Amino acid sequence: MGLTASVLAIDAGNSKTDVAVVAADGSVLATARGGGFRPPAVGVETAVDVLADAVARAYAEAGVTSVAHVSACLANADLPVEEERLASALHARAWGTTVEVRNDTFAVLRAGVAEPRGVAVVCGAGINCVGMRLDGRTARFPAIGRISGDWGGGSGLAEEALWFAARAEDGRGEPTALARTLPGHFGLASMYALIEALHLEHIEPERRHELAPVLFATATEGDPIARSIVERLAEEVVCMAVVALSRLDLLGEETPVLLGGSVLAARHPQLDTSLRERLSARAPKAVPQVVTARPVLGAALLGLDRTGAPAAAGDRVRTRFER
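From a predicted model like this one, the values you see are computed outputs, not experimental measurements.

**Student:** Would you explain empty space enclosed by the protein in this entry?
**Tutor:** Unoccupied space between atoms shows up once a probe the size of one water molecule is rolled over them. Counted by the stated rule, this structure contains one cavity of 30 Å³ or more. The volume enclosed by the largest cavity comes to roughly 30 Å³. Contributing to the lining of the largest cavity are Leu-259, Val-263, Leu-264, Arg-267, His-268, Leu-271, Asp-272 and Leu-275. Put simply, the parts of the chain that give the lining of the largest cavity at least two residues each are α10 (262–265) and α11 (269–282). For the lining of the largest cavity, the element with the highest residue contribution is α11, accounting for three residues. When grouped by side-chain class, the residues that make up the lining of the largest cavity number five nonpolar, one polar and two charged.

**Student:** Mind showing me how you'd approach the packing of helix α12 (residues 296–307) against helix α13 (residues 311–322) here?
**Tutor:** Orientation of α12 relative to α13, taken along the N-to-C sense of each, is 170 degrees, at an axis distance of 10 Å. Judged by the angle between their axes, α12 and α13 are roughly antiparallel. Mapping the contact onto sequence places Val-296, Leu-297, Ala-300, Leu-301 and Leu-304 in α12 and Ala-313, Gly-314, Val-317, Arg-318, Phe-321 and Glu-322 in α13. Residues belonging to the contact of α12 with α13 are distributed by class as follows: eight nonpolar, one polar and two charged.

**Student:** What should I look at first to understand the state of the cysteines in this one?
**Tutor:** Chemically, a disulfide is nothing more than a covalent bond linking the sulfur atoms of two cysteines. Under the criterion given, the structure shown has zero disulfides. Cys-73 carries a free sulfur, and the closest cysteine sulfur to it, the one in Cys-129, is 15 Å from it. Lacking any disulfide linkage, Cys-129 is separated from the closest cysteine sulfur, that of Cys-239, by 9.5 Å.

**Student:** How do you make sense of unusual backbone geometry when you look at a structure like this?
**Tutor:** Where the residue is not glycine, phi is negative for most of them; where a peptide bond is considered, it is trans in most cases. Phi is positive for Asn-76, close to 70 degrees, though the residue is something other than glycine. In this structure, Asn-76 sits in the loop between β4 (64–74) and α3 (80–92). Positive phi outside glycine occurs at Ala-143, with the angle close to 55 degrees. Note that Ala-143 resides in the loop between β8 (138–140) and α5 (153–170).

Conventions used here
- Residues numbered from 1 in each chain as written.
- Predicted model: local features only at pLDDT ≥ 70, side-chain atom pairs only at ≥ 80, totals over all residues.
- Heavy atoms only, no water.
- 1 Å grid on protein atoms, 1.4 Å probe; cavity = no way out; pocket = protein on both sides within 12 Å on 5 of 7 lines; lining within 4 Å.
- Points joined across faces, edges and corners; volume = space filled by probe spheres on them.
- Helix = DSSP H or I, 4+ residues; strand = E, 2+ residues; numbered from the N terminus.
- Nonpolar A, V, L, I, M, F, W, Y, C, P; charged D, E, K, R; others polar.
- Axes fitted to C-alpha atoms, helices over the stretch in contact; angles between N-to-C directions.
- Parallel < 35°, antiparallel > 145°, perpendicular 65-115°, else oblique.
- Contact = heavy atoms within 4.5 Å.
- Disulfide = S-S within 2.5 Å.

So, in structure tokens, the structure goes:
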């Protein structure tokens with residue numbers, strides 16, 4: 001029989017997966033990285049196969065065959081029913097005795113706090129927000145796009161910027177430098193040329209996310225339309241955070257609000273300043289901070305929380321991933 005470690009931590013995003021095998025004292029026995037986790041595109045079993053490859057490599061390096069608990073923070077686990085379905089799929093792989101699946105936003109939250117209490121807003125390709133209290137209560141949003149009331153993230157920013165730029169070029173909307181900077185990013189002379197290239201997929205659809213940094217750069221140059229889009233994102237981030245704080249009865253307490261994901265972690269001056277000012281006005285006791293630690297740390301800490309590990313174990317695993 002092989003050795004049994006304490007926690008298998010999994011942080012699986014759309015583009016990559018990180019796993020870590022953690023001992024009961026918080027020592028990290030092994031880590032591995034794998035591909036993106038996209039069950040809506042490839043199906044649950046095929047998506048879990050991607051995790052299995054990384055898990056197998058980490059287990060081999062750690063010299064273990066199973067763990068006491070699997071703590072998996074997964075992209076596309078947006079609804080409780082999806083978490084349950086994915087937990088069943090992971091349990092069937094027999095990687096550990098118990099399995100808990102959470103949305104990957106919980107990993108960002110837990111990575112940024114000393115104890116499992118606070119609110120996190122993640123803005124990367126999309127946008128999401130979760131909150132948790134020490135008593136186990138949580139707050140969350142479906143976060144599956146416009147049908148669940150969401151706006152923001154790199155894809156939302158790119159779509160909005162394209163909309164304004166197209167209308168500026170053909171005369172339906174106000175002038176904006178975006179009509180020049182967006183096509184210019186791809187070496188094109190006009191929005192018409194960019195629209196055609198995107199529609200005919202001469203530019204791959206996945207490259208649209210490249211337009212979010214162009215939007216921020218245009219806003220920095222002072223373009224009013226670009227700046228208004230950035231302000232809208234700041235309002236959306238703060239709105240989600242305040243609603244989560246309110247649901248958890250944390251508006252009256254000093255509470256961390258963690259900001260994660262590529263868009264927020266980039267600390268664009270206008271966005272960062274605006275959202276902090278808005279948050280201060282609506283939730284004066286909220287303490288915003290950007291999370292830069294790898295989210296797999298959060299998955300590991302959630303696993304150690306679940307197994308009742310001492311605080312020193314959490315400190316040890318945090319030291320490993322924050323150094």
